[in-house]
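Reading the structure
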Protein chains: 2
Amino acid sequence: METVSTARAFGGTQGVYRHRSSATGTNMTFSVFVPDHAPGARLPVVWYLSGLTCTHANVTEKGEYRRACAEHGLIFVAPDTSPRGESVPDDPAGAYDFGLGAGFYVDATEAPFDRHYRMWSYVTEELPALIGEAFPADMGRQSIMGHSMGGHGALTIGLRHPERFSAVSAFAPIVAPGRVPWGEKALTGYLGQDRAKWRRHDAVALIEDGARVPELLVDQGEADNFLREQLRPEWLAAACSAAGIDLTLRMQPGYDHSYYFISTFMADHLAWHAARLQ
Amino acid sequence: METVSTARAFGGTQGVYRHRSSATGTNMTFSVFVPDHAPGARLPVVWYLSGLTCTHANVTEKGEYRRACAEHGLIFVAPDTSPRGESVPDDPAGAYDFGLGAGFYVDATEAPFDRHYRMWSYVTEELPALIGEAFPADMGRQSIMGHSMGGHGALTIGLRHPERFSAVSAFAPIVAPGRVPWGEKALTGYLGQDRAKWRRHDAVALIEDGARVPELLVDQGEADNFLREQLRPEWLAAACSAAGIDLTLRMQPGYDHSYYFISTFMADHLAWHAARLQ
């Protein structure tokens, strides 16, 4: 692991790191914020998965999470959203919603994407192992959140690992990629035409198929341009209601899909996570 | 004035606007955050002047000022750092520290810069008039802050308009441009060889020449790469001490020159301003 940069911020250290990933077969860059702590202490870890077109940098620069993480003593990890590099295939038309910056947190099975697009394994196995080794992280206390495509990632990873994550939340998540245009395109491209294989990467389908967490927190802007076609939080609400999952879904009047929205509610989410990680 | 974008954030509106400036003879872009407020209410205005290479966007995205501005009821205005456009001359070698992104908050007198580089008039006269007209701003309650080159701007403008600004503060300011490389290059290029003319654009010289404000707040990172050659806060401390200005100079161990530093202490500065604006 190579240190790209570190800077002191809010009484902690904001770092950016790069390593060779065996999961993706590429170099991967990620950011980690570590609050100051007592020697030998290990802190709980909050995972933040980003949305379409993002790298680790978007939330690192615009997410406004450091003050709350320092206050609550939380390590904050932000991975990239796809493999990158000359050998990595992209959307044939260069579209923003597939390929580079759009890994959708799955292990692709379809050529030519199956070689590098293994973001599920990267985010759930390889990067956690590295974080546990290289940072003062208590891997027995983890939680996960994400935005949009990364909200999809947080919900699906959280639902499939309820023993690992003490809290799961999302900002404007794609809750049912198997039933909306962004997700149908991505899951077809990465996993193929058989929709039965998509269900393990669809939060609503996972809940319908029996996956359970005790509670979820979701914030959604009412002025979000993607709300009606791509996000559909009402489907998550219906699935949680049927399954007895305690979903707090906060519709936020006037807010859009941007980091202006995310940063506004970031401290609320971190306080909610912190209460469940102690 | 044209609205480039608006977004809801932290219970207010973050906007970006563009207008034709008569001071600079170019289009100018700036950002304004307006917290929600009672109908007809007018809120105090905090000016934020940015540093070398920046536009309005850097602090707008990375400054983490909106939570505190909403809490204290402060309008936050972030102008650009120079005129821009095809007709605007730049540094002959394209250097980052002169020309585009480096207006140094002066009205240039030297050709070819005297035609467009009129940032002093723009920031002290034209833009305040526009803000007072187009936003719910109480122009009887203003304060000013800035970073690096913008800290220089905030200090010099604040010292020359003590009646207008209730509070003046800075992050890692250039306190004596007439005596450091960045400033010597810029003031020579914009104002010419006569160093006597530079003194009205040099905070330490202004204080030596009799300018007074009751107090100043300055934060400075001790790991700032520009500290020893370009910033020299000890010169400001000496001038304030001799002049009886109550300077609070906080040296921050480990902090660099970046927005990680600025964002960490932004809320402190805004609370300090708010207390003096009420």
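Residues numbered from 1 in each chain as written. Chains lettered and ligands numbered in written order. Predicted model: local features only at pLDDT ≥ 70, side-chain atom pairs only at ≥ 80, totals over all residues. Heavy atoms only, no water.

The next point concerns the overall build of chain A. Of regular secondary structure, chain A possesses nine helices and nine strands. The C-alpha radius of gyration computed for chain A amounts to 17 Å, which stays within 12% of the reference 19 Å derived for 278 residues, consistent with globular compactness. Sorting the 278 residues of chain A into buried and exposed places 61% on the buried side. Carbon and sulfur atoms provide 48% of the accessible area of chain A, an area that totals close to 9,900 Å². Both charge centroids of chain A, one from 24 positive and one from 32 negative side chains, sit 2 Å from each other. (Helix = DSSP H or I, 4+ residues; strand = E, 2+ residues; numbered from the N terminus. Rg over C-alpha atoms; globule rule 2.2 N^0.38 Å. Buried < 20%, exposed > 50% of the residue type's maximum accessible area, 1.4 Å probe, protein only. Areas by Shrake-Rupley, 256 points an atom, 1.4 Å probe, with all protein chains shown as cover. Lys, Arg positive; Asp, Glu negative; His and termini not counted. Charge placed at Lys NZ, Arg CZ, Asp CG, Glu CD.)

Scanning the model with the defined rule gives 32 aromatic pairs over all chains in all. Arranged with centres 3.7 Å apart and planes meeting at 5°, the rings of Tyr65 of chain A and Phe76 of chain A form a pair that is stacked. Placement of Tyr65 of chain A in the loop between helix 1 (56-62) and helix 2 (66-72) and of Phe76 of chain A in strand 5 (residues 75-78) is noted, with a sequence separation of 11 residues between them. Exposure remark for Tyr65 of chain A: the relative accessible area of 0% places this residue in the buried category. In this structure Phe76 of chain A comes out as buried when scored by relative accessible area, which is 0%. Three or more aromatic residues joined by ring pairs make a cluster, and in this case those are Phe33, Tyr48, Tyr65 and Phe76 of chain A. The ring of Trp120 of chain A has Arg160 of chain A sitting right over it, with the charged end atom 4.0 Å from the ring centre. One residue, Arg66 of chain B, lies across the ring of Tyr65 of chain B, its end atom 4.9 Å from the ring centre. (Phe/Tyr/Trp six-rings, centres within 6.5 Å; stacked < 30°, edge-to-face > 60°. Lys NZ or Arg CZ within 6 Å of the ring centre and 35° of its normal.)

Expressed as a screw operation, the relation of chain B to chain A combines 0.0 Å of axial shift with a rotation of 180°, fitting to an RMSD of 0.0 Å. Taken together, these values place the two copies in the relation of a two-fold axis. When each C-alpha of chain B is compared by its distance to the rotation axis, Lys62 of chain B comes out closest, at 2.8 Å. Interface overlap between copies: 100% of the residues of chain B at the interface are likewise at the interface in chain A, consistent with a symmetric, same-surface contact. (Least-squares fit on C-alpha atoms with pLDDT ≥ 70 in both. Contact = heavy atoms within 4.5 Å.)

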